[in-house]
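Commentary on secondary and tertiary structure
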Amino acid sequence: MISDAEKGNDEPWRVKIITLFPELFPGPLDCSLSGRALRSNLWKLDTIDLREFGEGAHRSVDDRPVGGGPGMVFRPSVVAHALDAASAGNPAGSEEWPMIYLTPRGQPLQQSHIESLARTRGMTLLCGRFEGVDERVLRKYRLREISIGDFVLSGGEFAAFVLIDAVVRLIPRVLGNESSAIEESHSESLLEYPQFTRPRVWQGIPVPETLLSGNHAEIAAWRKSEAERITRSRRPDLWQKYSAGDKHSRSLDDHSQELDDRETER
Ligand code: SAH
């Protein structure tokens, strides 16, 4: 969880989205946690309509690919004007304010990227459509390229929803229970342990006995060994990273100890 002090300012975290379809926003981000946080000004969202920068009588934003082939490509001049508009008033392109193009050829998105994005003052997202964006403007503005997975969407807006949702939940005061962001899948190169709620027995299946013991150390040990078992069988790649000691921070044990300490302080 990132503290306000760590962020070093009182301005809400802000995202600027360059899109041909501004009407899609805030869309699903207006619901639940992110929606409540948006209405409470914990973060802000601005859309920049790419069409406003379109050229000619038809406000054209795209053109045919040079060299042939199917589809259309966003024109560099149109995208450049939209990026300039998005950059007015913020340190665009810096560590504090990354400019990101969402694209299937980008760096695969990981929880560690989300954590560092939550520490910025804001970000600008460029959502592609059709065949994508002229390469020259991507290079000139040094856009960071991020992919949300090895599949192809019809537009960057859907990837933007994913990215924004994941960042917003790490903004201070957005998640009700701060500890829920600490012990979860991917925060330690481990997948999450199984979760249970009441009733104690459902359709003849009891919850694991250990979880009812009230013994914090035993519960933490059970959860850790389950997280390890699940990671080893489902994600050999993550398991290798974890067992090589390449963990982002502390072990689950340390976190549980910290939570225990907090409980005792209360
Ligand atoms: N021709 C492109 C795909 C274009 S898909 C290629 O082969 O790489 C249209 C737009 O959807 C892209 O410009 C991008 O902004 C978005 N998009 C598609 N898949 C994505 C993914 N996996 N991650 C992030 N953005 C994606």
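Whatever comes next refers back to the structure up there.
Residues numbered from 1 in each chain as written. Predicted model: local features only at pLDDT ≥ 70, side-chain atom pairs only at ≥ 80, totals over all residues. Heavy atoms only, no water.

Taken in spatial order, the five strands line up as S2-S1-S6-S5-S7 in an open sheet, and their pairing is parallel. Either end of the sheet is taken by a strand with one partner, and the two such strands are strand S2 (43-49) and strand S7 (144-147). Here the average twist between neighbouring strands, direction ignored, is 35 degrees. Bridge analysis of strand S5 (residues 99-108) against strand S6 (residues 122-127) gives four bridges, and the strand direction is parallel. Looking across to S6, one finds that Leu102 is bridged to Cys127. Of the strands in this sheet, strand S1 (13-19), S2, S5 and S6 touch helix H3 (residues 76-87), which is tilted by about 160 degrees from S1. Against the sheet, helix H6 (residues 156-168) contacts S1, S2, S5 and S6, and its axis sits at roughly 160 degrees relative to S6. (Pairing = 2+ DSSP bridges. Helix = DSSP H or I, 4+ residues; strand = E, 2+ residues; numbered from the N terminus. Axes fitted to C-alpha atoms, helices over the stretch in contact; angles between N-to-C directions. Contact = heavy atoms within 4.5 Å.)

Take the site of the ligand next. Around the ligand, the surrounding shell holds 20 residues, and the nearest of these are Tyr101, Leu102, Gly128, Phe151 and Leu153. In this structure, a nitrogen atom belonging to the ligand sits 3.0 Å away from a main-chain N or O atom of Leu153. At a separation of 3.4 Å, an oxygen atom of the ligand approaches a polar backbone atom of Gly156. Listing elements by their share of the shell around the ligand, those giving two or more residues are S5, S7 and H6. For the shell around the ligand, the element with the highest residue contribution is S5, accounting for four residues. Split into classes, the residues belonging to the shell around the ligand amount to 10 nonpolar, eight polar and two charged. (Near = heavy atom within 4 Å. Polar contact = N/O pair within 3.5 Å; in protein donor to acceptor, adjacent residues only side chain to side chain. Nonpolar A, V, L, I, M, F, W, Y, C, P; charged D, E, K, R; others polar.)

It is worth spelling out the pairing of S6 at this point. Counting buried positions along S6 yields six of six residues, so the element is predominantly enclosed. By the alternation rule, side chains of S6 split into Gly122, Thr124 and Leu126 and Met123, Leu125 and Cys127, which are all buried. Sheet analysis places S1 next to S6, joined by five bridges and oriented parallel. Counterpart to Lys16 in the pairing with S6 is Thr124. (Buried < 20%, exposed > 50% of the residue type's maximum accessible area, 1.4 Å probe, protein only.)

Let us now look at the environment of Leu153. Tracing the chain through its elements places Leu153 in the loop between S7 and H6. Beyond its immediate sequence surroundings of up to four residues, Leu153 is in contact with Ile148, Phe158 and Ala159.

Turning our eyes to something else, we now look at helix H2 (residues 32-39). Listing the buried residues of H2 in full gives Ser34, Gly35, Ala37 and Leu38. Buried residues of H2, seen end-on, are gathered within an arc of 165 degrees and therefore sit on one face of the element. Along H2, the residues that are exposed and aim more than 90 degrees away from the buried face are Ser32, Arg36 and Arg39. Those residues of H2 that are buried are in contact with S2 and H6. Of the residues flanking the end of H2, it is Asn41, one or two places downstream, whose phi is positive at about 65 degrees. (Arc of directions from axis to C-beta.)

Moving on, we get to the packing of aromatic side chains. One pass over the full model with this rule turns up four aromatic pairs. Plain terms: the ring middles of Phe25 and Phe161 are 4.9 Å apart, the flat faces sit at 45 degrees to each other, and that makes the pair tilted. Taken together, the residues span a long stretch of sequence, with Phe25 in the loop between S1 and H2 and Phe161 in helix H6 at a distance of 136 residues. Assigned by exposure class, Phe25 and Phe161 land together as buried. When its relative accessible area of 11% is taken as the criterion, Phe161 is described as buried. Grouping aromatic residues by their ring pairs yields a cluster made of Phe25, Phe158 and Phe161. One Lys or Arg, Arg232, reaches over the ring of Trp239 and ends 4.9 Å from the middle of that ring. (Phe/Tyr/Trp six-rings, centres within 6.5 Å; stacked < 30°, edge-to-face > 60°. Lys NZ or Arg CZ within 6 Å of the ring centre and 35° of its normal.)

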